[in-house]
Amino acid sequence: MLRVRVIPCLLLEGVGLVKTVKFNNPKYIGDPINAVKIFNEKEVDELILLDINASKAGSPPNFSLIKDIASECFMPLCYGGGIKNIEDIRKIFYLGAEKVSINSYALENPIFIKQAAEVFGSQCIVSAIDVKKDFLGKHKVYDSSKNKITDLNPAEYALKMQDLGAGEIFLNSVDKDGTLQGYDIELILNVAGVLIIPVIASG
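Residues numbered from 1 in each chain as written. Predicted model: local features only at pLDDT ≥ 70, side-chain atom pairs only at ≥ 80, totals over all residues. Heavy atoms only, no water.

Trainee: Lay out the overall build of the protein chain with the relevant residues and their values.
Mentor: Within the protein chain, the secondary structure is distributed over eight helices and eleven strands. Taking 203 residues into account, the globule formula puts the C-alpha radius of gyration at 17 Å, and the protein chain, at 16 Å, falls close to it. Buried residues in the protein chain amount to 51% of all 203 residues. Put simply, of all contacts in the protein chain between residues at least 6 apart along the chain, 66% involve residues at least 24 apart. (Helix = DSSP H or I, 4+ residues; strand = E, 2+ residues; numbered from the N terminus. Rg over C-alpha atoms; globule rule 2.2 N^0.38 Å. Buried < 20%, exposed > 50% of the residue type's maximum accessible area, 1.4 Å probe, protein only. Contact = heavy atoms within 4.5 Å.)

Trainee: Account for the pairing of strand 11 (residues 199-202), naming residues and giving values.
Mentor: Here strand 11 shows a clear split, with Ile 200 and Ser 202 buried on one side and none of Val 199 and Ala 201 buried on the other. When strand 10 (residues 168-173) meets strand 11, the two strands line up parallel, connected through four bridges. Directly across from Leu 171, in strand 11, lies its bridge partner Ala 201. Viewed along the sheet, the connection from strand 10 through helix 8 (residues 185-192) into strand 11 turns out right-handed. (Pairing = 2+ DSSP bridges. Right-handed = clockwise from strand over helix to strand, strands pointing away.)

Trainee: Outline the packing of aromatic side chains, listing residues and values.
Mentor: Scanning the model with the defined rule gives three aromatic pairs in all. A centroid spacing of 5.3 Å and a plane angle of 85 degrees characterise the contact between Phe 93 and Phe 120, whose relative ring orientation is edge-to-face. Remark: Phe 120 occurs in helix 6 (residues 111-120) and Phe 93 occurs in helix 4 (residues 86-94); sequence separation between them is 27 residues. Judged by centre distance (5.1 Å) and plane angle (75 degrees), the ring pair of Tyr 105 and Phe 112 falls under edge-to-face. (Phe/Tyr/Trp six-rings, centres within 6.5 Å; stacked < 30°, edge-to-face > 60°.)

Trainee: Pulling in residues and values, what's your account of the pattern of salt bridges?
Mentor: Summed over the entire model, instances satisfying the criterion amount to six salt bridges. Measuring nitrogen to oxygen at the nearest pair gives 3.3 Å for the salt bridge that ties Arg 5 to Glu 46. Taken together, the residues Arg 5 in the segment before strand 1 (9-13) and Glu 46 in the loop between helix 1 (32-42) and strand 4 (47-51) connect sequence positions 41 residues apart. Glu 118 is the partner of Lys 114 in a salt bridge, and the nearest nitrogen-oxygen pair spans 3.2 Å. Taken together, the positions of Lys 114 and Glu 118, both in helix 6 and four residues apart, correspond to about one turn of that helix. Exposure remark for Lys 114: the relative accessible area of 35% places this residue in the partly exposed category. A relative accessible area of 58% places Glu 118 in the exposed class. (Salt bridge = Lys/Arg side-chain N within 4 Å of Asp/Glu carboxyl O.)

Trainee: Describe the packing of helix 1 against helix 3 (residues 63-72), listing the residues and the values that go with them.
Mentor: Relative to each other, helix 1 and helix 3 sit at 25 degrees, their axes nearing to 9 Å. Taken together, the axes of helix 1 and helix 3 lie roughly parallel to each other. As helix 1 packs across helix 3, the resulting crossing turns out to be right-handed. Along the contact surface, helix 1 presents Pro 32, Ile 33, Val 36, Lys 37 and Asn 40, while helix 3 presents Leu 65, Asp 68, Ile 69 and Glu 72. (Axes fitted to C-alpha atoms, helices over the stretch in contact; angles between N-to-C directions. Parallel < 35°, antiparallel > 145°, perpendicular 65-115°, else oblique. Left-handed = near helix turned anticlockwise from the far one by under 90°.)

Trainee: So what's going on with the nonpolar core? Residues and values would help.
Mentor: Formed by 52 residues in total, the largest nonpolar core has its most connected members in Ile 89 and Ile 102. Aside from chain neighbours lying at most four places away, what touches Ile 102 is Ile 83, Ile 89, Phe 112, Ile 113, Ile 125, Val 126, Ser 127 and Ala 128. Among the nonpolar cores identified, the runner-up in size contains ten residues, and Leu 11, Val 18, Ile 48 and Phe 170 belong to it. (Core = buried A, V, L, I, M, F, W, Y, C linked by side-chain atoms within 4.5 Å.)

Trainee: Which residues make up a nonpolar patch on the surface, and what are the values?
Mentor: On the surface, Tyr 183, Ile 185 and Leu 189 cluster together to form a nonpolar patch covering roughly 340 Å² of accessible area. Tracing the chain through its elements places Leu 189 in helix 8. A residue is classified by how much of its surface remains accessible, and Leu 189, at 58% relative accessible area, is exposed. (Patch = residues over 30% accessible without salt bridge, like charges linked within 9 Å, V, L, I, M, F, W, Y side chains within 5 Å. Areas by Shrake-Rupley, 256 points an atom, 1.4 Å probe, with all protein chains shown as cover.)

Trainee: Before we move on, can you summarise the side chain of Ser 173 with the specific residues and values?
Mentor: Structurally, the position occupied by Ser 173 is in strand 10. Residue classification places Ser 173 among the buried positions, given a relative accessible area of 2%. Of the polar contacts made by the side chain of Ser 173, one reaches the backbone nitrogen of Lys 176; its length is 3.2 Å. When residues no more than four places from it in sequence are discounted, the contact partners of Ser 173 are Val 131, Asp 184, Leu 187, Ser 202 and Gly 203. (Polar contact = N/O pair within 3.5 Å; in protein donor to acceptor, adjacent residues only side chain to side chain.)

Trainee: So what's going on with unusual backbone geometry? Which residues, and what values?
Mentor: The residue Asn 25 is not glycine, and still its phi comes out positive at about 50 degrees. Mapped onto the elements, Asn 25 comes out in strand 3 (residues 24-30).

See below:
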């Protein structure tokens with residue numbers, strides 16, 4: 001039987017933690033350092049830290065904040081948000097993170113996943129995929145930086161990311177985000193069923 005990994009996902013807006021519902025109305029819920037200390041005590045397996053505004057604003061990662069958080073984090077840390085080049089990744093790893101999550105830029109430039117995996121290894125490159133149902137109720141990849149549903153099939157896109165070298169898929173259901181209604185099981189099964197790499201289920 002596979003061991004379940006517990007991986008909290010913390011959303012950053014500026015320097016504060018927020019909670020969203022279906023990717024909307026972010027509400028401030030506290031300081032990220034305090035949250036990291038709590039999860040240290042809970043001995044979670046890993047922590048994902050996502051800056052939800054960096055890609056939308058075209059901003060680089062907040063390296064100073066990443067350094068502060070990584071210095072307090074006793075479990076493996078994955079950071080995502082605003083990553084657009086190899087040097088960003090190199091610096092994030094230097095500051096103490098073990099993995100990076102790449103979402104918006106992979107939609108614009110899928111080959112970046114391959115480039116990053118070739119430099120740093122697949123084990124530390126996570127492809128984040130946001131998914132939202134269209135007006136017909138079909139799952140489609142959602143571009144959160146542009147607030148629009150694409151015509152991409154999530155399973156096919158995830159398979160492409162795997163083929164390009166991603167070591168994990170972070171799969172997030174926009175429709176389930178923050179609703180406390182449980183996972184989109186159909187989506188998870190459809191995507192995980194075509195992959196050989198791990199899928200982190202969120203939303």
